[in-house]
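Examining the three-dimensional arrangement
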Amino acid sequence: MRNRFAYAGFGILATLVGVATGHFVASLLNPSSSPVLAVGSQVIDLTPTPMKEWAIRQFGTHDKTILVGSVFLGVLVFAAIGGLLARKRFVLGAALLVLLVAIAGYTALSRPAAGVQDAIPALATAVVGVGALWLLDRTWRRAPLTGSAPSEDTHGEARGASRRGVLVAAGALAAAAAVLGGAGRWITSYRTRPENIDLPAAKDPAPKLPAGLDEKVPGISPFRTPTKDFYRVDTRLTLPVVTSQGWSLTIDGDVDNEVSFSYDDLLAMDLMERDITLTCVSNDVGGKYLGAARWLGVPLKDLLDKAGIDSTKADQLLSTDVDGMTIGTPLDVALDGRDSMIAVGMNGAPLPREHGFPARMIVPGLYGFVSATKWITRMTLTTYAEQDSYWTKKDWATDAPIKISSRIDTPKPLSTIDPGRTVIGGLAWAQHQGGISKVEVRVDGGAWQEARMGPTGGQDYWRQWYLPWTAEKGQHSLAVRAISGDDEKQTAARATPFPDGSSGIQEIVVTVA
Ligand SMILES: Nc1nc2c(c(=O)[nH]1)N[C@H]1C(S)=C(S)[C@@H](COP(=O)(O)O)O[C@H]1N2
Ligand SMILES: [Mo]
């Protein structure tokens, strides 16, 4: 029995050392080729959309930690089985480990921008994992430990020594796993540390953003989202390793001449600065997947003009990120005069890695999944008939304007507040539809009351609002709806985020006591 436990443990330990080695080797080559991350990314890509939606709803931004954790646990179960097999026949156990690693290697190689070198971490994992299993097996077999304590017979000393041998080997392997895994993490974070870059000033600056209701309405979202609090949504498990000097942006496809821009080329062009609110299509009514920032970038039109698209037959601007992930943007929308840009700056600093360093696309009024390509490296003029992008392959919409919506920030849903004078406050947005002209609040199903509006940051920016309220003891329901500058009223008709964004009205319940 103990024997079995020991071997299950051997399988797990050998796998841990192997995976840590793979992680370490990947940190030197390409962090996303690390076995567990490669499998995790594959799982993300293969997960059916409704399940992904469910996971985002259940786990929020922790969805990836949970995903990697589950992949890891799954691997450990197989590792334990491998260990048990190795107890009977070493080759069988080793074969199972190799099979596991082969799957990881295969997934690493099948990533869009993968090269043969992306198989190296998996190879290292296999060699070290099998080697560790072999070492543990051999140390154990030298003197099988069946008793619970070293017996006092003539072999006692030898058995004691061997037990120590197993413990020493296991301890050394566990330490090696911790060191390699830790080193891998550190190297990856070192290679993705921020670069020191001074961005030029905008030729076409944005007007100063008004103060907003931040001070006046406690609990309301700030008028400009601090970069560190800006929501993040992407398919990645690690940040791409890319330097400003090793990066370029190519425009190809149906153009007069293919052109490429270096990072310095972009900074040398006329930059514009705009306040724009970004929104994720996965945002539920009342959700947190949106943020407002000041973006600095090159107008998209200026870049496309250099490639020449006057006679293009393209209807899609297909952008590709440094790892081959694609996003399709309707070309006519992007070029209809709105402030579409390739951004290099966010809130007065270079784009952070999380938000697309060195450059990303921003198109006001479109959900991020059809416009906001981070780590962009290529824009291809093509047609929807010819080429699918990452999400349209999963049946998400191709053209996805942001739907007018609003959210209550304060009081918090299901919270308990003191009776008396208070304020209901929050945000509303209708990017590129005239912004927000009016917000209405309904208390306990009564009449819609007009809220007081915060200042405007332009039609591509969200707007804060508040309504003073005298809260009486008991349970109350609060609802909000917005009206756009184009005079469109937020609909009460419920829609899920899939395939082109949620709709409906947020209604929350609070207790006054
Ligand atoms: N390369 C890349 N760009 C991407 C994505 C992605 O998965 N990969 N996600 C998109 C989605 S769905 C959204 S909502 C925005 C989010 O941008 P943020 O993370 O900076 O808030 O980025 C978009 N750009
Ligand atoms: Mo998104």
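Please read these numbers as outputs of a predicted model, since none were measured by experiment.

**Observations regarding the confidence of the model for the chain**
Averaged over all residues, the pLDDT of the chain equals 93, while 95% of them reach at least 70. Here residues 147–155 scores under 50 on pLDDT; set against residues more than four positions off or in separate chains, the count is 9 contacts.

**Points about empty space enclosed by the protein**
Under the defined criterion, the tally for this structure stands at 3 cavities of 30 Å³ or more. In this structure, the largest cavity encloses a volume near 70 Å³. Every residue along the wall of the largest cavity is listed here: Thr279, Cys280, Asn283, Asp284, Val285, Gly286, Gly287, Tyr367, Lys403, Ser405, Trp429 and Ser502. Lining the lining of the largest cavity are residues from two domains, each supplying at least three of them: domain 2 (227–394) and domain 3 (405–512).

**Structural notes on the site of ligand 1**
The environment of ligand 1 is made up of 20 residues, and the closest members are Tyr231, Asp321, His355, Arg360 and Lys374. Tyr231 is positioned such that a nitrogen or oxygen atom in its backbone is 2.7 Å from an oxygen atom of ligand 1. Side-chain polar atom of Asp321 to a nitrogen atom of ligand 1: 2.9 Å apart, as the coordinates give it. The fraction of the free accessible surface of ligand 1 (540 Å²) that becomes covered by protein chains is 99%.

**Observations regarding the layout of surface pockets**
Reported here for the second largest pocket is a volume of approximately 510 Å³. Lining the lining of the second largest pocket are residues from two domains, each supplying at least three of them: domain 1 (2–191) and domain 2 (227–394).

**Focus on the UniProt feature "domain: Oxidoreductase molybdopterin-binding" (unreviewed entry) in the chain**
UniProt's feature table lists "domain: Oxidoreductase molybdopterin-binding" (unreviewed entry) at residues 239–391, given in the numbering used throughout. Taken as a whole, residues 239–391 contains 12% helix and 37% strand, while its terminal C-alpha atoms sit 20 Å from one another.

**Notes on a nonpolar patch on the surface**
On the surface, Val77, Phe78, Ile81, Leu85 and Leu92 cluster together into a nonpolar patch covering about 410 Å² of accessible area. Here the nonpolar patch takes 4 residues from helix 4 (residues 63–88), the largest share from any one element. Within the secondary structure, Ile81 is located in helix 4. By relative accessible area, Ile81 is classed as partly exposed at 40%.

**Things to note about the UniProt feature "transmembrane region" (unreviewed entry) in the chain**
Cross-referencing UniProt, the feature "transmembrane region" (unreviewed entry) maps to residues 66–85, 90–107, 119–136 and 166–187 in the present numbering. Each end of residues 66–85 is marked by a C-alpha atom, and these two atoms are 29 Å apart; helix forms 100% of the span and strand 0%. Counting secondary structure, residues 166–187 comes out at 100% helix and 0% strand; the distance between its end C-alpha atoms is 31 Å.

**Notes on helix 6 (residues 120–142)**
Under the 1.5 Å per step criterion, the end-to-end length of helix 6 is 33 Å for 23 residues, consistent within 8% with the ideal 33 Å. Here helix 6 has its buried residues at Pro121, Ala122, Ala124, Thr125, Ala126, Gly129, Ala132, Leu133, Leu136, Asp137, Thr139 and Trp140.

**Concerning the sheet that holds strand 17 (residues 463–471)**
Here 4 strands make up an open sheet; going across it, the order is 11-13-17-16 and the pairing antiparallel. On the outer flanks of this sheet lie strand 11 (405–410) and strand 16 (452–453), each paired with one strand and no other. Across 9 bridges, strand 13 (residues 420–429) lies against strand 17 in antiparallel orientation. Residue pairing in the sheet places Gly425 in a bridge with Tyr466 of strand 17.

**Quick word on the nonpolar core**
Ranked by size, the top nonpolar core spans 72 residues in total, and within it Ile251, Leu266, Trp295, Leu303, Ile342, Met379 and Leu381 carry the most contacts. With 6 residues, the top contributor of residues to this core is strand 4 (residues 290–299). Here this core spans two domains, since at least three of its residues come from each of domain 2 (227–394) and domain 3 (405–512). The residues contacting Ile251, other than those within four sequence positions of it, are Glu258, Val259, Phe261, Leu303, Leu304, Ala307, Met379 and Leu381.

**Let's talk about the packing of aromatic side chains**
Following the criterion strictly, the structure yields 14 aromatic pairs and no others. Look at Tyr231 and Tyr289: their rings are 6.2 Å apart centre to centre, the planes differ by 50°, and that puts the pair in the tilted class. With Tyr231 in the loop between helix 7 (156–191) and strand 1 (248–253) and Tyr289 in the loop between strand 3 (272–279) and strand 4, the pair connects residues that are 58 residues apart, well separated along the chain. Using a relative accessible area of 14% as the deciding quantity, one classes Tyr289 as buried. Taking the centre distance of 6.3 Å and the plane angle of 85° together, the rings of Trp247 and Tyr263 count as edge-to-face.

Parameters at a glance
Residues numbered from 1 in each chain as written. Chains lettered and ligands numbered in written order. Predicted model: local features only at pLDDT ≥ 70, side-chain atom pairs only at ≥ 80, totals over all residues. Heavy atoms only, no water. pLDDT = per-residue confidence, 0-100. Contact = heavy atoms within 4.5 Å. 1 Å grid on protein atoms, 1.4 Å probe; cavity = no way out; pocket = protein on both sides within 12 Å on 5 of 7 lines; lining within 4 Å. Points joined across faces, edges and corners; volume = space filled by probe spheres on them. Domains from an automatic or database assignment. Near = heavy atom within 4 Å. Polar contact = N/O pair within 3.5 Å; in protein donor to acceptor, adjacent residues only side chain to side chain. Areas by Shrake-Rupley, 256 points an atom, 1.4 Å probe, with all protein chains shown as cover. UniProt positions renumbered as here; feature names shortened; annotations may be inferred. Helix = DSSP H or I, 4+ residues; strand = E, 2+ residues; numbered from the N terminus. Patch = residues over 30% accessible without salt bridge, like charges linked within 9 Å, V, L, I, M, F, W, Y side chains within 5 Å. Salt bridge = Lys/Arg side-chain N within 4 Å of Asp/Glu carboxyl O. Buried < 20%, exposed > 50% of the residue type's maximum accessible area, 1.4 Å probe, protein only. Expected span 1.5 Å × (residues − 1). Pairing = 2+ DSSP bridges. Core = buried A, V, L, I, M, F, W, Y, C linked by side-chain atoms within 4.5 Å. Phe/Tyr/Trp six-rings, centres within 6.5 Å; stacked < 30°, edge-to-face > 60°.

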